[in-house]
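Per-entry structural report
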Amino acid sequence: EPEVTQTPSHQVTQMGQEVILRCVPISNHLYFYWYRQILGQKVEFLVSFYNNEISEKSEIFDDQFSVERPDGSNFTLKIRSTKLEDSAMYFCASSERSLRGYTFGSGTRLTVV
Amino acid sequence: GESVGLHLPTLSVQEGDNSIINCAYSNSASDYFIWYKQESGKGPQFIIDIRSNMDKRQGQRVTVLLNKTVKHLSLQIAATQPGDSAVYFCAETPGGSYIPTFGRGTSLIVHP
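Here we summarise the structure given alongside this text. (Residues numbered from 1 in each chain as written. Chains lettered and ligands numbered in written order. Predicted model: local features only at pLDDT ≥ 70, side-chain atom pairs only at ≥ 80, totals over all residues. Heavy atoms only, no water.)

1. Side note on the overall build of chain A
Each helix and strand counted, chain A has zero helices and 11 strands in total. Mapped in sequence order, the helices and strands of chain A form the string β-β-β-β-β-β-β-β-β-β-β. Overall, chain A is about 35 × 25 × 25 Å in size when its C-alpha atoms are taken along their principal axes. Burial status across chain A gives 42% buried among its 113 residues. The long-range fraction of contacts in chain A, counting pairs at least 24 apart against all pairs at least 6 apart in sequence, stands at 53%. As displayed, chain A has an accessible area near 5,900 Å², and 44% of this comes from carbon and sulfur atoms. Averaging the positions of the 11 positive and the 14 negative side-chain charges in chain A gives two centres separated by 1 Å. (Helix = DSSP H or I, 4+ residues; strand = E, 2+ residues; numbered from the N terminus. Buried < 20%, exposed > 50% of the residue type's maximum accessible area, 1.4 Å probe, protein only. Contact = heavy atoms within 4.5 Å. Areas by Shrake-Rupley, 256 points an atom, 1.4 Å probe, with all protein chains shown as cover. Lys, Arg positive; Asp, Glu negative; His and termini not counted. Charge placed at Lys NZ, Arg CZ, Asp CG, Glu CD.)

This is the structure in structure tokens:
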């Protein structure tokens, strides 16, 4: 079964540093998403991406965040200057169009120290 | 603001019992609902969905019920197995959106 692959599985970074979280969506999917989940809390939408541009973003996705599809397979989330409160699981997801085909990756656990 | 929420944070059941996980939603514009299962260390996994023009939908061992009058959604799992132990999230999607809004989650613990 096709999978969304995320790397690394766990990243520890110092406050103020830049991090890039990487995702390889399912190959025939056209819509890409980033979500985050603070420990023990609900999954929160960050941003959606289609046709090489952001289609929707939440209030969480401020100027410190950016997304990019640098090539035909990777989809990245960059946090420019990490804060302690950025510590969370970050999930990438992709879909064709239908919500039914929304597939999540296993996540990257980001720990900011 | 409007939100999706869950009544019970933790549900413990015995193997073989039926489980019912509840969810309240308040956005009357939501017309599509999804249940996700999240196992430890993994991303949410689609279980079953239902549109607002239906009140019941069945899958393999799972049934979703939608009561639009009281804005209530439930997930029923028949003959619960230890492998069903996970956190279950309901999510709602307003009409025209492809972005589900997740509730907080209920932890289901199945005892052998």
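2. Quick look at the interface of chain B and chain A
Residue-level contacts link 20 residues of chain B with 18 residues of chain A. Taken over both partners, the interface formed by chain B and chain A buries close to 1,700 Å², and the fraction arising from carbon and sulfur atoms is 59%. Sorting the residues of chain B by area buried against chain A places Tyr98(B), Ile99(B) and Phe102(B) first, and these three jointly supply 37% of that buried surface. Put simply, chain B and chain A have zero salt bridges between them. (Buried area = accessible area lost by both parts, 1.4 Å probe. Salt bridge = Lys/Arg side-chain N within 4 Å of Asp/Glu carboxyl O.)

3. Things to note about the environment of Glu18(A)
All names here are of chain A. Tracing the chain through its elements places glutamate 18 in the loop between β2 (10–13) and β3 (19–24). Along the sequence, glutamate 18 and glutamine 41 sit 23 residues apart, while their C-alpha atoms lie 24 Å from each other. If we skip the residues at most four places from it in the chain, glutamate 18 touches Lys78, Ile79 and Arg80.

4. Remarks on the pairing of strand β9 (residues 86–94) of chain B
Residue and element names in this part refer to chain B. With seven of nine residues buried, β9 is to be regarded as a mostly interior element. One ladder, built from eight bridges, connects strand β4 (residues 30–38) with β9; its direction is antiparallel. Residue pairing across strands places glutamine 38 opposite valine 87, the latter belonging to β9. When β9 meets strand β11 (residues 106–111), the two strands line up antiparallel, connected through three bridges. Note on β11: the bridge partner recorded for tyrosine 88 is threonine 106. Here β9 folds back onto strand β10 (residues 101–102) in antiparallel fashion, the turn holding six residues, of which glycine 96 has a positive phi close to 90°. (Pairing = 2+ DSSP bridges.)

Remember that the coordinates give geometry; whether it matters functionally is a separate question.
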